[in-house]
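# Structure at a glance
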Amino acid sequence: MPEKRIRVLVAKPGLDGHDRGAKVVARALRDAGMEVIYTGLHQTPEAIVEAALQEDVDVVGLSILSGAHMTMFPRVLELLRQKGAEHVVVTGGGILPDNDIAELQKIGVGRLFTPGAATDEIVKYIREAAASDN
Amino acid sequence: MNRAGAVTTTDFLERFLAGDRLALARAISAVEDEADGYRDFLRQIYGRAGKAYLIGITGPPGAGKSTLVSHLAERYAAAGQNVGVVAVDPTSPFTGGALLGDRIRMNELAGNERIFIRSMATRGSPGGLAKATGEVALTMDAFGFDTVLIETVGVGQSELDVANSADTTVVVVVPESGDAVQAMKAGLMEIADVLVVNKADREGAEPMARELRVTLELKPEDGWRPPIIMSVATEGRGIDDITDAVTAHRSHLEESGGLTSRRRSRVQRQLEELLAYEFRRVCAAARDYDNLLEFLTAEVQEGRLTPYEASARLFKEVSREM
């Protein structure tokens, strides 16, 4: 019989076209039994948040390798709050300097992963994050 | 917002009825998850449904269904309609997870306030897909959409059932899917109200259309001959022809009384599905069901009982609990 499944939106905001990381993570999450909505390249924060709302996801994962993380993460967070969806956990990965990670987490972004992160670790984190959303 | 039980509050119902899209998204999840109170919720909105026109779009993988759906949704929205899209993709039977990628082809719809897209995984329970999709479509209908587009991969019986539960069913094929169409001819051709040969700029499109025409001529005449439309979805070619064909089919159904009878058989099928579903639920919840099932399985495997005797015994045990 049906039960609650963890739903995750995996999105690539901004202009870079490197989607291998996003696809690897998306597949790992699927293999961990989650429902993963993959939206493809070049997403605006507005489109990402709208998709997250329509899909009623627990978690949004952003993959950013273009250096735009300091604008993209805060913007997505802000839009989610504006729309009354602050329960959605925002996480992600990419080429992210430690200082930036610290700063983003201070404003409410979840854990962030850098190149070399184990997919098991990401799966484990997302399970925990989704559970805390109840 | 709390997930569990959220749909049972009157505050939630008010938000849903007032057109709050967040409430719609949450309601769909509750229906999919069979969360506490979802049946009460459906009961409360049921009377508001029945106004939307349901269009099923199905066909083999890679036929361009999502791109077509994207164009159709845009066309209907441009005509002033509110459009709901349900895009169904398979759940992995091994992990229970799913990768839902239909939105990739629908990115142009982002920001269109008349359109609401929901990706749905099949989740694997037999008969459950048609039930869940039907209830999600009902929820969208009650929310106030004028048109609901339901996209499924036409590979299995349950996917065909879903497509077939729409008011108008559009079957999409491509020149390359010749063999696939051979294999699916029986199921796919029977449910098609409108046939689309997509990627019609490719070699083999004309022969494909000819073959379809021949197949259709063998179909019993019921006052409607499914038109065959050539399209190139990526360029938006043929989209108007498809919406015209859907409109023509709708008029045909309305004038012939077919719409009422179609919807009646949909309700009837739904009742039967719910009955079967309820029975499975009772089984799963019955005391000692799992043990008994295991015991009887061994009895059959070791030749002491036939499957007929064993299932009769199971049925007897379960009905005791009903």
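Just above sits the structure.
Residues numbered from 1 in each chain as written. Chains lettered and ligands numbered in written order. Predicted model: local features only at pLDDT ≥ 70, side-chain atom pairs only at ≥ 80, totals over all residues.

## Things to note about the pairing of strand 6 (residues 168-173) of chain B
Residues and elements named next belong to chain B. Of all six residues in strand 6, six are buried, a share of seventy percent or more. Neither face of strand 6 is left uncovered, since the one carrying Thr168, Val170 and Val172 and the one carrying Thr169, Val171 and Val173 both have all their residues buried. Sheet topology note: the strand 6/strand 7 (residues 194-197) ladder contains four bridges and is parallel. Opposite Val170, over in strand 7, you have Val194 as the bridge partner. (Buried ≥ 20, exposed ≤ 12 C-beta atoms within 10 Å, placed from the backbone. Helix = DSSP H or I, 4+ residues; strand = E, 2+ residues; numbered from the N terminus. Pairing = 2+ DSSP bridges.)

## What to know about the pairing of strand 4 (residues 115-121) of chain B
All names here are of chain B. Among the seven residues of strand 4, seven are classified as buried, and the element is accordingly described as predominantly covered. Residues Ile115, Ile117, Ser119 and Ala121 point to one face of strand 4 and Phe116, Arg118 and Met120 to the other, with burial holding for every one of them. Looking at chain direction, strand 2 (residues 83-89) and strand 4 are connected through seven bridges and run parallel. Following the sheet pairing, Val86 is matched in strand 4 by Arg118.

## Description of the environment of Asp102 of chain B
Residues and elements named next belong to chain B. Tracing the backbone through its elements, the reader meets Asp102 in the loop between strand 3 (98-100) and strand 4. The buried category is assigned to Asp102, around which 24 C-beta atoms lie within 10 Å. Once residues within four sequence positions are removed from consideration, Asp102 is found in contact with Ser66, Ala87, Asp89, Ser119 and Glu151. (Contact = placed C-beta atoms within 7 Å.)

## Some words on helix 8 (residues 205-217) of chain B
Residues and elements named next belong to chain B. With 13 residues, helix 8 ought to run about 18 Å at 1.5 Å a step, and its terminal C-alpha atoms sit 19 Å apart, in line with that. Three or more residues of helix 8 are buried, namely Ala205, Met208 and Leu212. Around the axis of helix 8, the buried residues are gathered within 60° of arc, so they sit on the same side. Helix 8 presents Glu206, Pro207, Arg210, Val214 and Glu217 as exposed residues on the side facing more than 90 degrees away from its buried surface. (Expected span 1.5 Å × (residues − 1). Arc of directions from axis to C-beta.)

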